[in-house]
Amino acid sequence: MGGAGGRLTSPTARLARLGLPAERSIRALRDAGLWDDDGATEETWELLAAVSETAEPADALDTIAAIASEHPETFERIRADPDLRARVLAVGGTSRPLGDLLARYPDAVIALGVSAPVSAVVVADLVAEAVRSATTEADRAAGIAAIRRRATANIAARDLTAELAVELVAAELAELAEGVLAGTLTALHEDIGGASPRATLAILGMGKLGGRELNYVSDVDVVFVHGAVNGDEDGAREEARQVFERLLSLLNASTTMGRAYEVDPTLRPEGRHGPLSRTIDSFVAYWERWAKTWEFQALIKARPVAGDRDLAERLLGRAEPFIWPEHLDPGVIQEVRDMKGRVEAKPEVLRHGERQVKLGPGGLRDIEFSVQLLQLVHGRADHSLRLTGTLPALDALARGGYVAEDDARDFATAYRQLRRVEHRLQLAQERRTHTIPSDPERQEWLARSLGYRALGDRPARETFAADLRTVQTQVRELHAKLFYRPLLEAHAVVPAADGELTLEPDRRTLTEAAAYERLEALGFRDARGALRDVRAITAGVTRRARTLRAVLPAFLHVLAESADPDTGLRMLRTVLDAHGRSSELVAHLRDHPPAAALLARVLGTSEVVGELFATQPQGADLLIDPTLRDVRRTREDLRRTALAQLSWQDDLAQRTALLRRFKRRELLRIVLRDLEGAAPVSVVGEELTALAEACLVAALEAVTHDEDDPAARMAIVGMGKLGGSELQYASDLDVLFVHEPVPGASEDEATAHALATAERVVRTLGEVTAEGTAFDVDADLRPEGKSGPLSRSLDSYAAYYDRWSEPWEHQSLLRARFVAGDDELGERFHQLTAELAYPPGGAGRATETAIRKLKARIERERVPKRTDANRHLKLGPGGMTDVEWTVQLLQQRHGHHERVVRTPSTMAAVDGLQDAGLLDSRDATWLRDGYRLLARIRNHLYLLRERNVDVLPTNPDVLERLARSLGYGRGGRQVLEEDHLRATRRIRHVTERVFYGGALT
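What you see is a predicted model; the values in this text were computed from it and never measured. (Residues numbered from 1 in each chain as written. Predicted model: local features only at pLDDT ≥ 70, side-chain atom pairs only at ≥ 80, totals over all residues. Heavy atoms only, no water.)

**Regarding the overall build of the protein chain**
Now for step 1: Secondary structure assignment for the protein chain yields 46 helices and 14 strands.
Now for step 2: For 1001 residues, the compact-globule estimate of 2.2 N^0.38 gives 30 Å, and the C-alpha radius of gyration of the protein chain, at 38 Å, exceeds that figure by more than 25%.
Now for step 3: Projected onto its principal axes, the C-alpha positions of the protein chain cover 120 × 85 × 75 Å.
Now for step 4: Going through the 1001 residues of the protein chain one by one, you find that 56% of them count as buried.
Now for step 5: With the model as given, the accessible surface of the protein chain reaches about 42500 Å², and the carbon-plus-sulfur share is 49%.
Now for step 6: For the protein chain, the distance from the average site of its 133 positive side-chain charges to the average site of its 153 negative ones is 1 Å. (Helix = DSSP H or I, 4+ residues; strand = E, 2+ residues; numbered from the N terminus. Rg over C-alpha atoms; globule rule 2.2 N^0.38 Å. Buried < 20%, exposed > 50% of the residue type's maximum accessible area, 1.4 Å probe, protein only. Areas by Shrake-Rupley, 256 points an atom, 1.4 Å probe, with all protein chains shown as cover. Lys, Arg positive; Asp, Glu negative; His and termini not counted. Charge placed at Lys NZ, Arg CZ, Asp CG, Glu CD.)

Right, here's the structure in full:
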C-alpha cells in the first residue's frame, strides 16, 4: 500500500484519513472476513472509500460488515450492485435503527433494491394478508411493523441518495401509513364483522397524514367514522368500537420489529373522553354545539385514508360549512394565532430557540400557520384553496393571486429545506424530534447527512448552521410579506399616462373583496378605510413610494398585533404626510427594521404618539437609537437642557414655543419607553414629574428673563401627584406659588410682581398655541381656592394655616414639595408645612373624623351621574383616592414619630408604613399593586385618546383596545375586567378596615 512520495502508508493511517476508527474498523472487517493478516484487498478499500462518504462512516461500516458476516450472499449482491450499495451505506450511515434492521434481515436489504414508489394499495394487500395469516395478536402486530419498517428503509434509502424530493418522501411515508391503516382495517373488519357486517367503517387522516406530508416518525392522527347497515345503530356502534380498538392495539403495540405506528385518535370530538367512533349525524351535532375553533382548523387537513371512502367523503361534505363559514369572525383568526403563540411560548421551545426547526422562530410551524391562515381567510370563497397539503395549498394561493409568486417560491424552498433537516433528525434514532443537537459531533453528523462536507479547517456543521440561520431569517421575513405584499401589489396606486390615478396592473391581483376579507381577518375593523390608507401611503412611482411598498408588509404585520391597527395605520399616514415627501423617515424605516417595528407597535397603541411624531421630524432619532430613549434623564439634566435651549431666544413667544417643543420631544421619549416596556408605571410617573419640573423651571425663567430688578423672590411648590412624583399623562400640575419681598421692596410691590409672574407662568405653560400646550397648571389647592390670591407670602400662608385652614388642607400638605424657583424660600415653606402635615400628637380624633366624613361625601357626590361608581378609577370604591387617603391618614397619625413614612410619594409611603410595621405585608401589597394597575389603566386611556380617563370603559371595543394596549392580547378585555375588580375589591377591603375603622361614616 503506497503513499505520496513513495512512502508506505499504514492501514491505520489510511483508515484515519477515511474518518474511520482503526481498531473498531479492523475488528469489524476481520469478523466479516474482509481483513486478514495482509490487511484488506483493494476491492475492500474501494468499499471503505464509499463508506467514508456517509454521514457517520463508523456506523455505515458496522452495517455493511454485519451483513457480510451474517449474510454473505446478500453482501455479494450489494457488492455487485453499486446502486444497492449506495442505498445500504446511506441508510447505515444515517440511521442506526434502520442499519440494524438491514444487518439482521436480508429481505430488508433486498427491499432497498426496489425503485418503484410505495403504493398504499400494495401495502394494504400485504398488511391484510399478514393479519389474516398470523395466529396471534403479537405475530399480527410484528408482521405489520415489519412491513412498515422495510418500506420505511426503502424510502429512506432513496431519500438519502437524492432520488426523492423531500415532498415525495413525505408523500410516500403518508402513502405507507395509509396502506397500513387500510389493510389492517380490512382484515379486522372481515374478522369481526364476518360475512354480514353491521357497520360501514372509514378512517380520516388528519394532520400530516391528511396533508400527505408525514415525517419518518410522526403520530398518525386519525378520526374514525361509522354508519349503520340496515338501520342497526347499536350493532354498528359496537362493531365499530371493536374494530377500531383492535386496530389501535395492533398498530400501537411494541414488538420485536418495533412499533408500526403511534396512531392517535384524540382529534375526535371530546378528545380522549369522547366515543372512539361516531356517525355523521353525531359529528354534526357536536360541531353545531360544542366544537372549538382549533377543531375546525384541524379539519382543513382531513381526507379519507381507509375504509368506506363514500362514507368519509359524506362526512367531509357535512363539515364544509363549519370549516368554511360564510362569514369569518376575526376572533377566529386571533384564536388560531393565540393557540400557536401558546405552543411556541412553552419552556422547552423557548429553551431550544432556533435549534427547534419546527416551533422555533422561522421554523416549519411559521410556514404551515401562514398557509393555513390564508386558507381560512380566502378558502371560503375560493374552493381551489381547499387542499390538505402545505405545498399544494401554497401553490394554489400563488395561482390565485393571494400570495406573490416569488414569496410562494421562497416559502416553499424554505419549507423543503427545513423538512429535510427534520427528516434527518428523526432518522438518526427513529425518534420524534425537531431539535438540532447541541453536541458538536452530532451537529457534524447532521450536516454530513444533509450533504455538507468540511471545507479546509471549517467543519461541515458551521456551513450548515449559517445556511439554516439564513433560511430561518427568510421565513420570519416572508411570514409578514406573505400576508401583506399582495395587498400592496394589487392595490398600489400609480400615475397613468393621462395623469389619472389607477391601480398598478399585476398579472394576478388580489381582488378588492379578498383584500377586505384579509384585512378584517387580520384585525382591522374598517377594512375599506385601511385599504384607502394603504393606497395613499404607497401611491406613486417615486423612490419613496417604492420604499414604502417594501417596508409596509413587515410594518403591517406588527401593526396587526397592536391594540388598534386601524388608528395605527391612519396615524402612519398622518406622520408620513407631516414629514413630507422628502422626509428621511422612510429611509430610516427601510434601513432600521427594529425601528419600523417599534413605530408600528406604538402607533397601533397610541394616537398620542402619532400626533407627537407628526410634529417632530427629529423623533425618528428616538426610534433608531435606543440609547436616546433608554437613558433615564434626571431632573437636573432636564432642567439644564430646558434652560440651555431658552437662553438664546430673544422674546417670550420664541421661548414659549421652544419650551413646548422641548416638552413634546421629552414626552415622546417617555411614551416610547413606556410602550416598549422599558419603564414601569412608577418610573413613568417619576419621568413625567421630572419633565414637568423642568418645564416649570423653564417657564419661570422665561417670564422673568428680561426683568432687571424684580420685587419678589418666588418658589413653586408641587402638590398632589406632582408633589408625590407620581404624575400620569393626564395629570394637571397642582402647584402653590409662594413669594417674599426682596430687600428694599414693599409687600404690595412684591405681591403685585408675584401675582403677575404666577399668572404668566400658568398662561405660558397652559395656553393653547400653534405648538400645542405644555402643561395645565392648577393652583386651586391654594388658601381660599379660586377665590384666594394666586400667590402668597410665606407669612400669609402661616397666618392662614394657623387661623382658617381645614383638615383636608393640612392633609394636602403631605404631598407638598419644592419644585422650582428660590431654593431657600422653598425650604422655609417646607419647614412651615411639615409641622401641619405631621402634627406632634397625630391628626387627632376630631380631625380624622372630619377627613372620613369628607371622603365619604366625595364618594357620594363627586362621581358623575350615570357613571357606575365601581368603574371610576379615582373616586370609586377601591379607586386611587382610597389608596391615597388611607395612606395619608396613617402618615398624619404616625409621621411625627416615624420619619420613614415622611414622603410625598404615595407608593414610597406604603413602603415606609410597611417597614415601620404600621401596615401589614398583605395590605401593603394590595394597595401597591392596585394603585399601579389603576395608574396604568388611566395612562393607557390617555394614550388611546379616550376623553374620559377616569372611568373604565363599558364599550366592548374600547375596552378590548385598552386591554390589548396593556398587554392582555386579543380577547383580553374580560381578564382586564377581572383584574380591575380584584384590585379594587382588595383596596376597598383595606380602606374600610384601616381608613374607616370598619364602618363607613
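**Notes on helix 37 (residues 747–766)**
Now for step 1: Here helix 37 is 20 residues long and its end C-alpha atoms lie 28 Å apart, about the 28 Å a rise of 1.5 Å per residue gives.
Now for step 2: Within the sequence span of helix 37, burial applies to A750, H753, A754, T757, A758, V761, T764 and L765. Seen end-on, helix 37 carries its buried residues on one side only, within an arc spanning 130 degrees.
Now for step 3: Buried residues along helix 37 sit against helix 34 (652–675), helix 35 (681–704), strand 10 (712–718), strand 11 (733–741), strand 12 (777–778) and strand 13 (791–793). (Expected span 1.5 Å × (residues − 1). Arc of directions from axis to C-beta. Contact = heavy atoms within 4.5 Å.)

**Some words on the side chain of E213**
Now for step 1: Here E213 shows up in the loop between helix 12 (207–210) and strand 2 (219–228).
Now for step 2: What E213 contacts, discounting residues up to four positions off in sequence, is A170, A174, K208, K301, G389, T390, Y415 and R419.

**What about the environment of A120?**
Now for step 1: In this fold, A120 is placed in helix 9 (residues 120–133).
Now for step 2: Classification of A120 by relative accessible area gives buried; the value is 10%.
Now for step 3: For A120 and V305, which are 185 residues apart along the polypeptide, the C-alpha to C-alpha distance reads 9.3 Å.
Now for step 4: Not counting residues within four places of it along the chain, the set of residues in contact with A120 comprises E175, E178 and G179.

**A closer look at a negative patch on the surface**
Now for step 1: A contiguous patch of negative charge, built from E747, D748, E749 and D795, is present on the exposed surface.
Now for step 2: For the negative patch, the element with the highest residue contribution is helix 37, accounting for three residues.
Now for step 3: Take D795: it is sitting in helix 38 (residues 794–803). (Patch = residues over 30% accessible without salt bridge, like charges linked within 9 Å, V, L, I, M, F, W, Y side chains within 5 Å. Salt bridge = Lys/Arg side-chain N within 4 Å of Asp/Glu carboxyl O.)

**Quick word on the nonpolar core**
Now for step 1: Counting residues in hydrophobic clusters, the biggest one holds 194 residues, and the most contacted among them are W287 and L696.
Now for step 2: Ranked by residues supplied to this core, first place goes to helix 35 with 16 residues.
Now for step 3: Ignoring anything within four residues of it in the chain, the contact list for L696 reads I716, L722, L733, V735, V761, L765, V819 and A820.
Now for step 4: By size, the runner-up hydrophobic cluster in this structure holds 89 residues, among which are L20, L188, L251 and V305. (Core = buried A, V, L, I, M, F, W, Y, C linked by side-chain atoms within 4.5 Å.)

**Quick look at helix 4 (residues 57–70)**
Now for step 1: Taking 1.5 Å of rise per residue, the 14 residues of helix 4 would be expected to cover 20 Å, and the 20 Å separating its terminal C-alpha atoms lies within 8% of that figure.
Now for step 2: With 10 of 14 residues buried, helix 4 lies mostly within the body of the structure.
Now for step 3: By the burial criterion, the buried members of helix 4 are P57, A58, D59, A60, L61, T63, I64, A65, I67 and A68.

**Considerations on unusual backbone geometry**
Now for step 1: Its identity as a non-glycine residue notwithstanding, E784 has a phi of 70 degrees, on the positive side.
Now for step 2: Counting through the fold element by element, E784 comes out in the loop between strand 12 and strand 13.
Now for step 3: Classification of E784 as partly exposed rests on a relative accessible area of 47%.
Now for step 4: One non-glycine residue, R945, lies in the positive phi region at around 65 degrees.

**Points about the pattern of salt bridges**
Now for step 1: By the definition in use, this model includes 87 salt bridges.
Now for step 2: Note that E784 is salt-bridged to R792, the shortest N-O span being 2.3 Å.
Now for step 3: For the salt bridge of D923 with R993, the shortest nitrogen-to-oxygen distance reads 2.9 Å. Of this pair, D923 sits in helix 44 (residues 921–943) while R993 sits in helix 46 (residues 973–995), placing them 70 residues apart in sequence.
Now for step 4: The network of salt bridges with shared partners includes R633, D637, E666, R669, R673 and E687.

**Focus: the packing of aromatic side chains**
Now for step 1: Tallied over the full model, the rule gives 12 aromatic pairs.
Now for step 2: Between F995 and Y996 the ring centres are 4.8 Å apart and the planes differ by 90 degrees, which places this aromatic pair in the edge-to-face class. Of the two residues examined, F995 and Y996, each falls in the buried class.
Now for step 3: Taken together, the ring pairs connect F283, W287, F296 and F322 into an aromatic cluster.
Now for step 4: Here the guanidinium or amino end of R150 rests over the ring plane of Y105, the centre of that ring lying 5.5 Å away.
Now for step 5: Between the NZ or CZ atom of R442 and the centre of the ring of W445, over which it lies, the distance is 4.5 Å. (Phe/Tyr/Trp six-rings, centres within 6.5 Å; stacked < 30°, edge-to-face > 60°. Lys NZ or Arg CZ within 6 Å of the ring centre and 35° of its normal.)

**Focus: the pairing of strand 10**
Now for step 1: Counting buried residues along strand 10, six of its seven residues qualify, which places the element largely inside the surrounding structure.
Now for step 2: Pairing of strand 10 with strand 11 involves seven bridges; the strand directions are antiparallel. Its bridge partner lying in strand 11, A712 is registered against P741.
Now for step 3: Two strands pair when backbone bridges link them, and strand 10 and strand 14 (residues 817–821) are joined in this way by four bridges, in the antiparallel orientation. Along strand 14, the bridge assignment pairs I716 with A820. (Pairing = 2+ DSSP bridges.)

**Thoughts on the packing of helix 4 against helix 7 (residues 96–104)**
Now for step 1: Helix 7 packs onto helix 4 with a crossing angle of 15 degrees between their chain directions and a minimal axis gap of 8 Å. On the basis of their axis angle, the class for helix 4 and helix 7 is roughly parallel. Taken as a pair, helix 4 and helix 7 cross one another with a handedness that is right-handed. Residues D59, T63, A66 and I67 of helix 4 form the contact with helix 7, whose participating residues are R96, G99, L102 and A103. (Axes fitted to C-alpha atoms, helices over the stretch in contact; angles between N-to-C directions. Parallel < 35°, antiparallel > 145°, perpendicular 65-115°, else oblique. Left-handed = near helix turned anticlockwise from the far one by under 90°.)

**A short note on the environment of H423**
Now for step 1: Within the secondary structure layout, H423 lies in helix 21 (residues 405–429).
Now for step 2: What makes H423 buried here is its relative accessible area of 1%.
Now for step 3: The sequence separation of H423 and H894 amounts to 471 residues, and the corresponding C-alpha distance is 71 Å.

**Examining the environment of P275**
Now for step 1: Take P275: it is sitting in the loop between strand 5 (262–264) and strand 6 (277–278).
Now for step 2: Given the relative accessible area of 41%, P275 is considered partly exposed.
Now for step 3: For the pair P275 and V681, spaced 406 residues apart in sequence, the C-alpha separation works out to 52 Å.
Now for step 4: If we skip the residues at most four places from it in the chain, P275 touches R268 and E270.

**Notes on the packing of helix 42 (residues 880–894) against helix 43 (residues 906–915)**
The angle between the axes and the distance between the axes are what describe a pair of packed helices.
Now for step 1: For the pair helix 42 and helix 43, the least separation of the axes is 10 Å and the interaxial angle reads 50 degrees. Taken together, helix 42 and helix 43 sit at an angle that is classed as oblique. Seen along the crossing, helix 42 lies across helix 43 with a hand that is left-handed. Residues V883, E884, V887, L890 and Q891 of helix 42 form the contact with helix 43, whose own contacting residues are T906, M907, A909, V910 and L913.
Now for step 2: A breakdown of the residues in the contact of helix 42 with helix 43 according to their chemical character gives seven nonpolar, two polar and one charged. (Nonpolar A, V, L, I, M, F, W, Y, C, P; charged D, E, K, R; others polar.)

**As for the confidence of the model for the protein chain**
Now for step 1: When pLDDT is averaged across the protein chain, the result is 90; 96% of the residues are at 70 or more.
Now for step 2: Scored below 50 in pLDDT, residues 1–7 shows nine contacts in the model against residues more than four places distant or in partner chains.
Now for step 3: In this model residues 495–507 is a low-confidence stretch, pLDDT under 50, and it forms 22 contacts with partners more than four residues away in sequence or in other chains. (pLDDT = per-residue confidence, 0-100.)

**Some thoughts on the side chain of E444**
Now for step 1: Following the sequence through the fold, E444 ends up in helix 22 (residues 440–449).
Now for step 2: Within the local environment of E444, its side chain forms a polar contact with the backbone nitrogen of A460, the two atoms lying 3.1 Å apart.
Now for step 3: In this structure E444 touches P459, A460 and R461, once residues within four positions along its chain are discounted. (Polar contact = N/O pair within 3.5 Å; in protein donor to acceptor, adjacent residues only side chain to side chain.)

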